[in-house]
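One-letter residues, chain by chain:
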Amino acid sequence: MDFEAERARLIEHLSREIKDRRVLDAMARIPRERFVPEESRHLAYEDIPLPIGLEQTISQPFIIALMTEALELTGAEKVLEIGTGSGYQAAILAELTRRVVTVERLPKLAETAGKLLDSLDYRNVEIRLSGETLGCPEEAPFEAILVTAGAPSVPPELISQLALGGHMVIPVGSRYLQELVKITRQRKKNRVENLGGCRFVSLIGKGAWGQE
Ligand code: SAH
């Protein structure tokens, strides 16, 4: 299979809606086929989410591009991602900014993603296992936060890890269907925008969903 050609075709498809060239260029540099299980490599450049084991998924490329674009990264930020999963979104963020801290609750996924990101030579990504509090309060504040699992509501513990003027993108809704919400932290009232519907696996933990 010609992954290069497939990747170019996907980027072309995404470029109809996604206007930030930096995001498209970053995605054009990353071999998504390496982030999906062997048996679904042939689907790596379809615009669909794919299972990555342990009931988790690598998100749909369009949603990934939309969320990344909404962060409005300039390259100077320290970014927090919640839900490392395959590591694909972390690689995109690493292409676009100074430093990425990504948190995962399942050690097996964190380990696989860590090895892959090392082998692709990403030196500005740090993977951490999640602790008591959502996110990574030890490293806060972050100029941008991307949550790649669905929450029942916007967790205040994450707002407090967001720098003033920074953007957070998070799916909020029920266990099975959410709205993508963009929050800009402001001195008084935070700005909230709705980016459309989506479907993510659940964000688990204190301040989010129970274990099932
Ligand atoms: N961004 C990933 C896809 C993530 S799927 C990618 O590019 O492949 C959502 C991930 O969030 C799952 O791996 C799940 O284990 C993780 N997760 C769920 N709740 C979490 C929490 N509270 N802290 C950290 N990770 C969490």
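As a reminder, the structure under discussion sits directly above these lines.
Residues numbered from 1 in each chain as written. Predicted model: local features only at pLDDT ≥ 70, side-chain atom pairs only at ≥ 80, totals over all residues. Heavy atoms only, no water.

### A short note on the overall build of the chain
Okay, so step 1: When helices and strands are tallied, the chain shows 6 helices and 9 strands.
Okay, so step 2: Scaling as 2.2 N^0.38, a compact globule of 212 residues should have a C-alpha radius of gyration of about 17 Å, and the chain matches this with 16 Å.
Okay, so step 3: With the C-alpha coordinates aligned to their principal axes, the bounding extent of the chain is approximately 50 × 35 × 35 Å.
Okay, so step 4: Across the 212 residues of the chain, 50% fall into the buried class.
Okay, so step 5: Restricting the contact set of the chain to residue pairs at least 6 apart, pairs at least 24 apart contribute 53%.
Okay, so step 6: When the 27 positive and 31 negative side-chain charges of the chain are each reduced to one mean point, those points stand 5 Å apart. (Helix = DSSP H or I, 4+ residues; strand = E, 2+ residues; numbered from the N terminus. Rg over C-alpha atoms; globule rule 2.2 N^0.38 Å. Buried < 20%, exposed > 50% of the residue type's maximum accessible area, 1.4 Å probe, protein only. Contact = heavy atoms within 4.5 Å. Lys, Arg positive; Asp, Glu negative; His and termini not counted. Charge placed at Lys NZ, Arg CZ, Asp CG, Glu CD.)

### Description of the site of the ligand
Okay, so step 1: Near the ligand, the surroundings consist of 25 residues, among which Glu81, Gly83, Ser86, Glu104 and Ile204 are the closest.
Okay, so step 2: Glu104 places a polar side-chain atom, nitrogen or oxygen, 2.6 Å from an oxygen atom of the ligand.
Okay, so step 3: At a separation of 3.1 Å, a nitrogen atom of the ligand approaches a polar side-chain atom of Thr148.
Okay, so step 4: When the ligand is considered free in solution it has 580 Å² of accessible area, and contact with the protein chains removes 98% of it.
Okay, so step 5: Under a 2 Å grid-point criterion requiring more than half of the atoms, the pocket assigned to the ligand is the largest pocket. (Near = heavy atom within 4 Å. Polar contact = N/O pair within 3.5 Å; in protein donor to acceptor, adjacent residues only side chain to side chain. Areas by Shrake-Rupley, 256 points an atom, 1.4 Å probe, with all protein chains shown as cover. 1 Å grid on protein atoms, 1.4 Å probe; cavity = no way out; pocket = protein on both sides within 12 Å on 5 of 7 lines; lining within 4 Å. Sits in = over half its atoms within 2 Å of the grid points.)

### So, the sheet that holds strand β5 (residues 125-129)
Okay, so step 1: In spatial order, the strands read β5-β4-β3-β6-β7-β8-β9; together these 7 strands make up an open sheet with mixed pairing. A single partner strand is all that each edge strand has here, and the edge strands are β5 and β9 (191-198). Put simply, the sheet's adjacent strands are angled 15 degrees from each other on average, direction ignored.
Okay, so step 2: Strand direction decides the pairing type here: strand β4 (residues 99-104) and β5, joined by 5 bridges, are parallel. The residue of β5 that forms the bridge with Glu104 is Leu129. (Pairing = 2+ DSSP bridges. Axes fitted to C-alpha atoms, helices over the stretch in contact; angles between N-to-C directions.)

### Some words on empty space enclosed by the protein
Okay, so step 1: Enumeration over the complete set of coordinates arrives at 1 cavity of 30 Å³ or more.
Okay, so step 2: The computed volume of the largest cavity comes to approximately 30 Å³.
Okay, so step 3: Looking at the largest cavity, the residues that line it are Asp20, Arg22, Val23, Thr68, Leu73 and Leu96.
Okay, so step 4: Its residues assigned to classes, the lining of the largest cavity comprises 3 nonpolar, 1 polar and 2 charged. (Points joined across faces, edges and corners; volume = space filled by probe spheres on them. Nonpolar A, V, L, I, M, F, W, Y, C, P; charged D, E, K, R; others polar.)

### Quick notes on the pattern of salt bridges
Okay, so step 1: Under the defined criterion, the tally for this structure stands at 19 salt bridges.
Okay, so step 2: With a shortest N-O distance of 2.7 Å, Asp121 and Arg123 are connected by a salt bridge.
Okay, so step 3: Its relative accessible area of 64% is what places Arg123 among the exposed residues.
Okay, so step 4: Here Arg128 ties to Glu139 by a salt bridge, and the two come within 2.9 Å at their closest N and O atoms. Here the residue Arg128 occupies a position in strand β5, and Glu139 occupies one in the loop between β5 and β6 (142-147), the gap between them amounting to 11 residues.
Okay, so step 5: Residue classification places Glu139 among the buried positions, given a relative accessible area of 14%.
Okay, so step 6: Each of Lys78, Arg99, Glu126, Arg128, Glu138 and Glu139 takes part in a single network of salt bridges with overlapping partners. (Salt bridge = Lys/Arg side-chain N within 4 Å of Asp/Glu carboxyl O.)

### What to know about unusual backbone geometry
Okay, so step 1: Omega for the peptide link from Ala140 to Pro141 comes to 0 degrees, which places this bond in the cis form.
Okay, so step 2: Along the chain, Pro141 falls in the loop between β5 and β6.
Okay, so step 3: Backbone geometry at Glu72 places phi at a positive 55 degrees, although glycine is not the residue there.
Okay, so step 4: Within the secondary structure, Glu72 is located in the loop between α3 (61-70) and β3 (78-82).
Okay, so step 5: Its relative accessible area of 45% is what places Glu72 among the partly exposed residues.
Okay, so step 6: We note that Asp121 has phi near 70 degrees; this positive angle belongs to a residue other than glycine.
Okay, so step 7: With respect to the helices, strands and loops of the structure, Asp121 is situated in the loop between α5 (107-119) and β5.

Geometry only, nothing functional implied.
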